[in-house]
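Here is what each chain is made of, one letter per residue.
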Amino acid sequence: MAEIHRFDPERVLGAGIGRLGREELVALAMDICAAAAAAPGGAHGCIHPMNISLDGAGAALGPQSGHGQGEWSTDELEYMAPELFWNGTLSGAADVYSIGLLLYAGVSGGRLPFFTRDAEGMTNELRAAALRRRMNGEAVAVPPVAGERLGEVIEKCLAFKPEERYAGVSELAEA
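Residues numbered from 1 in each chain as written. Predicted model: local features only at pLDDT ≥ 70, side-chain atom pairs only at ≥ 80, totals over all residues. Heavy atoms only, no water.

J.: Please give an account of the nonpolar core that cites residues and values.
T.: I17, L28 and I99 are the most contacted members of the largest nonpolar core, which has 43 residues in total. For this core, the elements supplying multiple residues, two or more each, are α1 (22–37), β2 (58–61), α4 (92–107), α6 (148–157) and α7 (169–174). Element by element, the count of residues in this core is highest for α4, at 10 residues. With residues near it in sequence (within four places) discarded, I17 still touches L25, L28, P49, Y79, L102, A105, G106 and G110. Grouped together as the second largest cluster of nonpolar side chains are 5 residues, M80, L84, L131 and M135 included. (Core = buried A, V, L, I, M, F, W, Y, C linked by side-chain atoms within 4.5 Å. Buried < 20%, exposed > 50% of the residue type's maximum accessible area, 1.4 Å probe, protein only. Helix = DSSP H or I, 4+ residues; strand = E, 2+ residues; numbered from the N terminus. Contact = heavy atoms within 4.5 Å.)

Here you go:
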């Protein structure tokens, strides 16, 4: 596993997810897998670009969510696993899903599944429609630019059913 780095709120990744090169994106995923595995209970549950910081040494994951179900920010919702959204089930598989969304956004220039335009151009209505499609189990098509191997990893990460994903972040990191 990758070394665990310290979160720096002054160096938040944010929209920069769409500007990472493939090697940087894979390194980011490895660092986030390590940080999520080290979280209490082995799952973090709050993995999204606004909760990740980057510096020359790597990526760091910010704090776990300190609020209850249904009090999520837009950033949290857009990178959340369906089972965490619907019933609050936090697991390594939920973190795998969120990391899969990071990978998806990284290869697609910052777009998430079902986004019809760049994130900056998405209205609240379009964001809600994209979220509904994902949370209701519509299959996510992996962008062809992901390539064969990374595309396979992203596809498995974004399986709607948790049991069809990698079992946890350690298994994802090995893939």
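The discussion continues.
J.: Mind laying out unusual backbone geometry, listing which residues take part and the relevant values?
T.: A positive phi angle, near 70°, is found at F114, a position not held by glycine. Judged by relative accessible area, F114 falls into the buried class, the value being 15%.

J.: Explain the environment of A175 to me, and be specific about the residues and the numbers.
T.: Here A175 is to be found in the segment after α7. Its relative accessible area of 37% is what places A175 among the partly exposed residues. Between the C-alpha atom of A175 and that of R149, which follows or precedes it by 26 residues, the distance is 9.4 Å. Sequence-distant contacts of A175, defined by excluding residues within four places in its chain, comprise R149, V153 and Y166.

J.: Go over the packing of α1 against α4, please, and point to the residues and values.
T.: Each pair of packed helices gets described by two things: the angle between the helix axes and the distance between those axes. In the contact formed by α1 and α4, the axes pass within 10 Å of each other and the chain directions differ by 165°. As summarised for this structure, α1 and α4 are arranged roughly antiparallel, according to the angle between their axes. Judged by the sense of rotation from one axis to the other, the crossing of α1 with α4 is right-handed. For the pair formed by α1 and α4, the contact residues are L25, A29, I32, C33 and A36 on the first element and D95, I99, L102, L103, G106 and V107 on the second. (Axes fitted to C-alpha atoms, helices over the stretch in contact; angles between N-to-C directions. Parallel < 35°, antiparallel > 145°, perpendicular 65-115°, else oblique. Left-handed = near helix turned anticlockwise from the far one by under 90°.)

J.: So what's going on with the pattern of salt bridges? Residues and values would help.
T.: Summed over all chains, the structure comprises 6 salt bridges. R11 is paired through a salt bridge with D8; the nearest N and O atoms lie 3.4 Å apart. Since its relative accessible area comes to 44%, R11 is described here as partly exposed. Across the salt bridge formed by D118 and R111, the nearest N and O atoms sit 3.3 Å from each other. The exposure class assigned to R111 is partly exposed, which follows from its relative accessible area of 29%. (Salt bridge = Lys/Arg side-chain N within 4 Å of Asp/Glu carboxyl O.)

J.: Would you mind going over the pairing of strand β1 (residues 52–55) in detail, with residue names and values included?
T.: Inspection of the sheet shows β1 paired to β2 by 4 bridges, in the antiparallel sense. Along β2, the bridge assignment pairs L54 with A59. The antiparallel pairing of β1 with β2 creates a hairpin that spans 2 residues between the two strands. (Pairing = 2+ DSSP bridges.)

J.: Quick rundown of α1? Include the residues and the values.
T.: Between its first and last C-alpha, α1 extends 23 Å over 16 residues, near the 22 Å set by a 1.5 Å rise per residue. Along α1, the positions that sit buried rather than exposed are L25, L28, A29, D31, I32, C33, A34, A35 and A36. Where the residues of α1 are buried, they touch β1, β2, α4 and α7. (Expected span 1.5 Å × (residues − 1).)

J.: Break down the packing of aromatic side chains for me, with residues and values.
T.: Any pair of aromatic rings gets described here by the distance separating the centres and the angle formed by the planes. As enumerated under the stated definition, the model contains 2 aromatic pairs in all. Ring centres of W72 and F85 lie 5.7 Å apart, and the angle between their planes is 35°; on these two criteria the pair is classed as tilted. On the criterion of sequence distance, the pair formed by W72 in the loop between β2 and α2 (74–78) and F85 in helix α3 (residues 82–87) is long-range, its members being 13 residues apart. Where F85 meets W86, the ring centres are 4.9 Å apart and the plane angle is 80°; that geometry is what we call edge-to-face. In this structure F85 comes out as partly exposed when scored by relative accessible area, which is 22%. Taken together, W72, F85 and W86 form an aromatic cluster joined through their ring pairs. Note that K156 overlies the ring of Y166, its terminal NZ or CZ placed 4.9 Å from the centroid. (Phe/Tyr/Trp six-rings, centres within 6.5 Å; stacked < 30°, edge-to-face > 60°. Lys NZ or Arg CZ within 6 Å of the ring centre and 35° of its normal.)

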